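# Overview (structure and organization)
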Amino acid sequence: MRFRAKIVDLACLTHFSRVVNTVARLAKTCTLRLAEDKLYFILSDKVANGGVSVWCELCQGNFFDEFQMEGVAAEHNEIYLELVPENLSRALKTAQNAKTVKIKLTNKHCPCLTVAVELPSLSSTSRIVTHDIPVGVIPRRLWSDFREPSVPDFDVSIYLPVLKTMKSVVERMKNLSNCIVIEANLSGEMNLKIETDLVSVTTHFKDLGNPPWVSDDESPSSAQGKDLESMAEARIDIKKLLQLLAGQQVNPTKALCNIVSRRIVHFILLHEDVSLQYFIPALA
């Protein structure tokens, strides 16, 4: 197993740091899956047990100037590592004006991702700061635990309002309750609701638009049979929603939300070279 990569372009480095920061705010530990053309950050808490799941996918060619890897075997050319994303995020913080950053899989008492940051210096010799981030190598027999989560068969899919606006609404609601109801319909309407014994607060969003999903077995017109006004809703942990909204540093070009009534809320944030999926299970 071998892996080495290098980032020279400062804009790519900043972008990569933002993605890692976002993941670090969503997951204490995660799996880094390395493939020839993509990297994935995966958190697969069992949604059934009330945990959230995260699936973040990056095209490596848009971030790295060099990227070489040899996987576990020729026919399974991938590497799965368990790591604390906060450690990687910290290492990249030292690289804000670096000339180059090299990331390499090494073995120093234990497997490590070694991040070598070359900083500009006034003398002819360059300064290199090295971070060794311990990782666990996940054996092949466990890889199937880290498959891409399937998109649930949702009742409603809707574009999200501006995330900053949504965040400030949810932040204010957090002081009133531990859970929040998200409801939406196929007419581009979405409500965020708090209901307690003492207070009931609702924020309405209109004209958000609904994505034109077409699955293999549905024609675009199949939505016509549905009641466009009827709301699908799910009650979720408000902290988990805020974690997603507050941790967001990637500025998605598209953000949408799929609701399976009373079961799960599935968020998808898309940027041209990053996609992030976040699954929050509904509370009973």
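Nothing here was measured: the structure is a model prediction, and the numbers come from that model. (Residues numbered from 1 in each chain as written. Predicted model: local features only at pLDDT ≥ 70, side-chain atom pairs only at ≥ 80, totals over all residues. Heavy atoms only, no water.)

### Some remarks on the overall build of the protein chain
Across its full length, the protein chain holds four helices and 18 strands. Against the globule reference of 19 Å for 284 residues, the protein chain gives a C-alpha radius of gyration of 21 Å, in line with a compact fold. Counting across all 284 residues of the protein chain, residues that qualify as buried make up 48%. Within the protein chain, contacts between residues separated by at least 24 positions form 64% of all contacts whose residues are at least 6 apart in sequence. Per element, the accessible surface of the protein chain, about 14800 Å² overall, is 48% carbon and sulfur. (Helix = DSSP H or I, 4+ residues; strand = E, 2+ residues; numbered from the N terminus. Rg over C-alpha atoms; globule rule 2.2 N^0.38 Å. Buried < 20%, exposed > 50% of the residue type's maximum accessible area, 1.4 Å probe, protein only. Contact = heavy atoms within 4.5 Å. Areas by Shrake-Rupley, 256 points an atom, 1.4 Å probe, with all protein chains shown as cover.)

### Side note on empty space enclosed by the protein
Tallied over the full model, the rule gives two cavities of 30 Å³ or more. Estimated volume of the second largest cavity: approximately 50 Å³. Contributing to the lining of the second largest cavity are F3, F16, L32, L34, L39, F41, F64, L88, I103 and L113. Breaking the lining of the second largest cavity down by element, the ones donating at least two residues are strand 2 (30–34) and strand 3 (38–44). Its residues placed into classes, the lining of the second largest cavity shows ten nonpolar, no polar and no charged. (1 Å grid on protein atoms, 1.4 Å probe; cavity = no way out; pocket = protein on both sides within 12 Å on 5 of 7 lines; lining within 4 Å. Points joined across faces, edges and corners; volume = space filled by probe spheres on them. Nonpolar A, V, L, I, M, F, W, Y, C, P; charged D, E, K, R; others polar.)

### A closer look at helix 2 (residues 85–93)
Along helix 2, the positions that sit buried rather than exposed are P85, L88, S89, A91 and L92. On an axial view of helix 2, the arc spanned by its buried residues comes to 160°, and they lie on one face. (Arc of directions from axis to C-beta.)

### Brief notes about the sheet that holds strand 17 (residues 264–271)
Across the sheet, which stays open at both edges, the nine strands sit in the order 10-6-2-3-4-18-17-16-11 with antiparallel pairing between neighbours. Since the sheet does not close on itself, it has two edges, and those belong to strand 10 (136–137) and strand 11 (156–159), each with one partner. Looking at chain direction, strand 4 (residues 53–59) and strand 18 (residues 274–281) are connected through six bridges and run antiparallel. In the strand pairing of strand 18, V54 is matched with Y278. Its contacts with the sheet put helix 4 (residues 238–246) on strand 17 and strand 18, and the angle it makes with strand 18 is roughly 170°. (Pairing = 2+ DSSP bridges. Axes fitted to C-alpha atoms, helices over the stretch in contact; angles between N-to-C directions.)

### Observations concerning the domain arrangement of the protein chain
Each assigned domain of the protein chain is listed with its residue range as follows: domain 1 (2–145) and domain 2 (156–213 + 228–281). Domain 1 and domain 2 are separated by 29 Å when their C-alpha centres are compared. Contacts between the two partners involve 20 residues from domain 1, matched on the other side by 19 residues from domain 2. For the domain 1 face of the interface with domain 2, the top three residues by lost area are R25, L26 and V52, together amounting to 30%. (Domains from an automatic or database assignment. Buried area = accessible area lost by both parts, 1.4 Å probe.)

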